[in-house]
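Chain residues, written in single-letter form:
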Amino acid sequence: MSEVREPGSAAAGRRKIEWAMGRMRVLGALVRELEPERPLEGMRVGMSLHLEAKTAALAISLERLGARVSITSSNPLSTQDDVAAALAESVDRVYAWRGETEEEYLRNHRRVLDDGPQLIVDDGADLSVMAHETGAAPGIIGATEETTTGVLRFRAMEREGVLRFPVIAVNDAMSKHLYDNRFGSGQSVLDGVMRATNMQVGGKRVVVIGYGWVGKGVAERFRGMGARVSVVEVDPFKALEAYMDGYEVLGSMAAARVGDIFITCTGNVRVLTAEHFRVMKDGAVLANAGHFDVEVDVRALRSMAASEEEVRPNVREFRMGDGRRLYLLGEGRLVNLVAADGHPIEVMDMSFATQLLAVVHLARNRGRLESRVHPLPRELDEKVVRTKLAIEGIEIDSLTEEQRRYLESWRYRAPPDAANLARNASSASAASSSPLMSGRPPSTTRFPARYTLRTSARPAAMTTFVVRSHAGLSSIELRSRTTKSALRPGESVPTSSSPAARADPMVAASSAARADMTDGSPALALWR
Ligand SMILES: NC(=O)c1ccc[n+]([C@@H]2O[C@H](COP(=O)([O-])OP(=O)(O)OC[C@H]3O[C@@H](n4cnc5c(N)ncnc54)[C@H](O)[C@@H]3O)[C@@H](O)[C@H]2O)c1
């Protein structure tokens, strides 16, 4: 039996789900493709994800592939009760409501496990960790993990040798983190802060803490709204990247003194603490975008405050002893899910399409995957993105066979085509005015390479020469000749040092031969 809080609001929830599903076209396309096969027939899937409309779409999609779903929320504050009510009418079991106590949160997770899931779709790893702690793990074929923090936890379990089933790191798929963590968080965190506070963003000093995928998206979107953004980092590479992206990079204490709005995006613990709160300006706003509510030290804030009060939905005022007021959004939980609707639909469409393929992959490979963290196979990752491109009507190029081989070989260098040679010749030598060149490109270039040079001079001249390459530099050795070249048989000359000549011995040969020809021939043809 499902348990939700507002069964009477199911109609409103249904409209939200329909709105989302109508726009989740990648997920829809994959469901239509897989539905006839029913790859999840009879399997129980346990889900712990932020329970809003896009998540409902994923749960319904999994049932359309044959699964029976039991679902709870991965965060006590992110459930939308109307959506949960509507979902309870569509899928097998729903146990979630907004504002669960810690005990209710754990109990709802236990109920999902009591339903005996064979597959788990996790967001933050709480359900899987509980499965390990309660002895439910042996019945589980595998899990998929939605977010960075969850993947880190699973990797820690693998390192300690305690992971009991395979996990697909959906978060690490390109089709997920490249769009979801960055663009999804960028838009929705901005949305959450704006909805919660109704404050002007332009002109504010916004401090983004953590410049990973989430932080980059958040910084970019706040800057786009006119905020003056500063970044705080601990990773020197990311700090320099932020600097080169044009942000001011500050230490957290310096940032604490100047910021109007602080957004933690680290996935780390106690990033904003008492020492920061002590120096913050009156009116500073604190928000978190990381997975758990551990980034802003709420306990310290509470202990420092003379009083606290909820002054707007999702805005709690902490009044300090010295009269300063600090405002915490969404209790320090993911602001984009607590105070807004989470990521945009189109972004979650791709993330959940990736989830769907990962779940089907686990089901199809039952018993074949080791108990460790696996990447999503590349072809599945690419399938999501190619489906999205097709839906958007975006065409992209593909590599030619020649380009593919070029990129895969350490020997192979692009053969000169007529245009390449002509371009090179016209820039290389003023003496050879309007040269006419043609070449039959070699299929591969191996050194030493033997070429025959023909000129249009009378009598027709032919020169055979050998191109050698050493340490990236080519030289030409003349083997025989019938022209009036200054080169003697067996003599070698360094070729042009231009990048084009260094990269391509044919180009090198043509420029060296042209420079060396004494008959002033305007036209050259190179043959392998
Ligand atoms: N709000 C959302 O909807 C949403 C979406 C995706 C991911 N997440 C969560 O957001 C968090 C970050 O995810 P990500 O994909 O950007 O991870 P990431 O690993 O790409 O980035 C985290 C960054 O934080 C930095 N960092 C760590 N500790 C720090 C500290 N004390 N001070 C300053 N910087 C610090 C790291 O150096 C790193 O650059 C995770 O908890 C993830 O699960 C949230």
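Refer to the preceding data block for the structure.
Residues numbered from 1 in each chain as written. Predicted model: local features only at pLDDT ≥ 70, side-chain atom pairs only at ≥ 80, totals over all residues.

**Q** Please provide a residue-by-residue account of the sheet that holds strand 10 (residues 261-264), values included.
**A** Pairing within the open sheet is mixed, and its eight strands lie in the order 9-8-7-10-11-14-13-12. The sheet is open, and its two borders are formed by strand 9 (248-249) and strand 12 (305-312), each paired with just one other strand. As paired strands, strand 11 (residues 285-288) and strand 14 (residues 325-329) are joined by two bridges and run parallel to one another. Among the inter-strand pairings, Val285 is bridged to a residue of strand 14, identified as Tyr327. (Pairing = 2+ DSSP bridges. Helix = DSSP H or I, 4+ residues; strand = E, 2+ residues; numbered from the N terminus.)

**Q** Kindly report on the site of the ligand, identifying the contributing residues and their values.
**A** Near the ligand, the surroundings consist of 28 residues, among which Gly210, Gly212, Val214, Gly267 and His291 are the closest. Mapped by element, the contributors of at least two residues to the shell around the ligand are helix 7 (148-159), helix 9 (180-197) and helix 10 (213-224). In terms of residue count, helix 10 provides more of the shell around the ligand than any other element does, three residues in total. Of the residues that constitute the shell around the ligand, the class distribution is 10 nonpolar, 15 polar and three charged. There are two domains that each give the shell around the ligand at least three residues, and those are domain 1 (7-172 + 342-391) and domain 2 (184-333). (Near = placed C-beta within 6 Å. Nonpolar A, V, L, I, M, F, W, Y, C, P; charged D, E, K, R; others polar. Domains from an automatic or database assignment.)

**Q** Got a sec to walk through the nonpolar core? Specific residues and values, please.
**A** One finds Val45, Ala57, Leu62, Ala84, Leu356 and Val359 to be the most contacted residues of the largest nonpolar core, which totals 77 residues. Among the elements that line this core, the one with the most residues is helix 16 (residues 345-364), at 12 residues. Once you skip the residues sitting within four places of it in the chain, Leu62 turns out to touch Leu40, Val45, Ala67, Val69, Leu356 and Val359. Counting 49 residues, the second-largest nonpolar core is a separate cluster that includes Val232, Ala255, Phe262 and Leu328. (Core = buried A, V, L, I, M, F, W, Y, C linked by C-beta atoms within 7 Å. Buried ≥ 20, exposed ≤ 12 C-beta atoms within 10 Å, placed from the backbone. Contact = placed C-beta atoms within 7 Å.)

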